[in-house]
Amino acid sequence: MRSLRLEQSQLSITTLDESDLPGMMALEQTASRHPWSQGQYLTCMGAEYRFLGAWYGDALVGFIVDWRMLDEGHLMNLCVHGQFQQQGIGRYLLRYWLASMQGAGMATLTLEVRESNRAAYRLYASEGFEDQGSRPGYYRTADGTEAARIMSLGLSPVRAGNG
């Protein structure tokens, strides 16, 4: 299947809710060998979680799930439709998320990434996340488990006015 090219300028970001779960789950089937289950999504429906979707017209092409507690944010899931990967949509979503988290007063952001997911690791590192070590056996695989790399980023507070 030929990959379609999207223009980032034509993307819009909105908050997603439970009614968007079927679309999110279908999208993740195109993008991941280890997609989240419906139960995992439903667990993240509390007030401390947020779902952000990237839309190209009326098509959901990517999303982020985050968890926030006090001044810490955790990236739970960043997913881009398989047909639109390697076009900067993940970076666009990540940068949007970073700016929103900084604007919300978050001081520290963390995430886990599969050790085998080198493209995602490079994306996070290129946006300033630093490797903090490994979580052995964190992710399930078809034949066992896989370690996660733990990454974090400290944010500077947003200052109002001219300084």
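Figured I'd write up the structure that's included with this text. Keep in mind that what you see is a predicted model, and the values were worked out from it rather than measured.

### Concerning the overall build of the chain
Within the chain, the regular secondary structure consists of four helices and seven strands. In terms of overall dimensions, the chain is globule-like: its C-alpha atoms have a radius of gyration of 16 Å, near the 15 Å expected for 163 residues. Counting only C-alpha atoms and orienting by the principal axes, one finds that the chain spans roughly 50 × 40 × 30 Å. By the burial criterion, 40% of the 163 residues in the chain qualify as buried. Partitioning the contacts of the chain with sequence separation of at least 6, the portion at a separation of at least 24 is 62%. Side chains of the chain give 14 positive and 17 negative charges; the mean places of these two sets differ by 7 Å.

### Brief notes about the packing of helix H3 (residues 89-103) against helix H4 (residues 118-126)
Helix-helix packing is characterised by the crossing angle of the two axes and by the distance between the axes. Following both chains from N to C, one finds H3 and H4 inclined at 40°, their axes separated by 11 Å at the closest point. In terms of their interaxial angle, H3 and H4 are classed as oblique. Between H3 and H4 the crossing geometry is right-handed. Residues Gly90, Arg91 and Leu94 of H3 lie in contact with H4, whose contacting residues are Leu123, Tyr124 and Ser126. Along the lines of polarity and charge, the residues of the contact of H3 with H4 split into three nonpolar, two polar and one charged.

### Comments concerning the pairing of strand E2 (residues 49-56)
Counting buried positions over the eight residues of E2 gives seven, a clear majority of the element. Where strand E1 (residues 11-16) meets E2, six bridges bridge the pair, whose relative direction is antiparallel. Counted as the bridge partner of Thr15 is Leu52 from E2. Pairing analysis gives eight bridges linking E2 to strand E3 (residues 59-69), with the strands arranged antiparallel.

### A short note on the environment of Arg50
Assignment of secondary structure puts Arg50 in strand E2. For Arg50, a relative accessible area of 18% translates into the label buried. In the structure, Arg50 is positioned 25 residues away from Leu75 in sequence and 9.8 Å away in space, judged by C-alpha atoms. In this structure, Arg50 is in contact with Ile64, Val65, Asp66, Arg68, Trp97, Ser100 and Met101, ignoring residues within four places of it in sequence. Polar contacts involving the side chain of Arg50 include one to the side chain of Asp66, which spans 2.8 Å. Separated by 3.1 Å, the side chains of Arg50 and Ser100 make a polar contact.

Criteria and cut-off values
- Residues numbered from 1 in each chain as written.
- Predicted model: local features only at pLDDT ≥ 70, side-chain atom pairs only at ≥ 80, totals over all residues.
- Heavy atoms only, no water.
- Helix = DSSP H or I, 4+ residues; strand = E, 2+ residues; numbered from the N terminus.
- Rg over C-alpha atoms; globule rule 2.2 N^0.38 Å.
- Buried < 20%, exposed > 50% of the residue type's maximum accessible area, 1.4 Å probe, protein only.
- Contact = heavy atoms within 4.5 Å.
- Lys, Arg positive; Asp, Glu negative; His and termini not counted.
- Charge placed at Lys NZ, Arg CZ, Asp CG, Glu CD.
- Axes fitted to C-alpha atoms, helices over the stretch in contact; angles between N-to-C directions.
- Parallel < 35°, antiparallel > 145°, perpendicular 65-115°, else oblique.
- Left-handed = near helix turned anticlockwise from the far one by under 90°.
- Nonpolar A, V, L, I, M, F, W, Y, C, P; charged D, E, K, R; others polar.
- Pairing = 2+ DSSP bridges.
- Polar contact = N/O pair within 3.5 Å; in protein donor to acceptor, adjacent residues only side chain to side chain.

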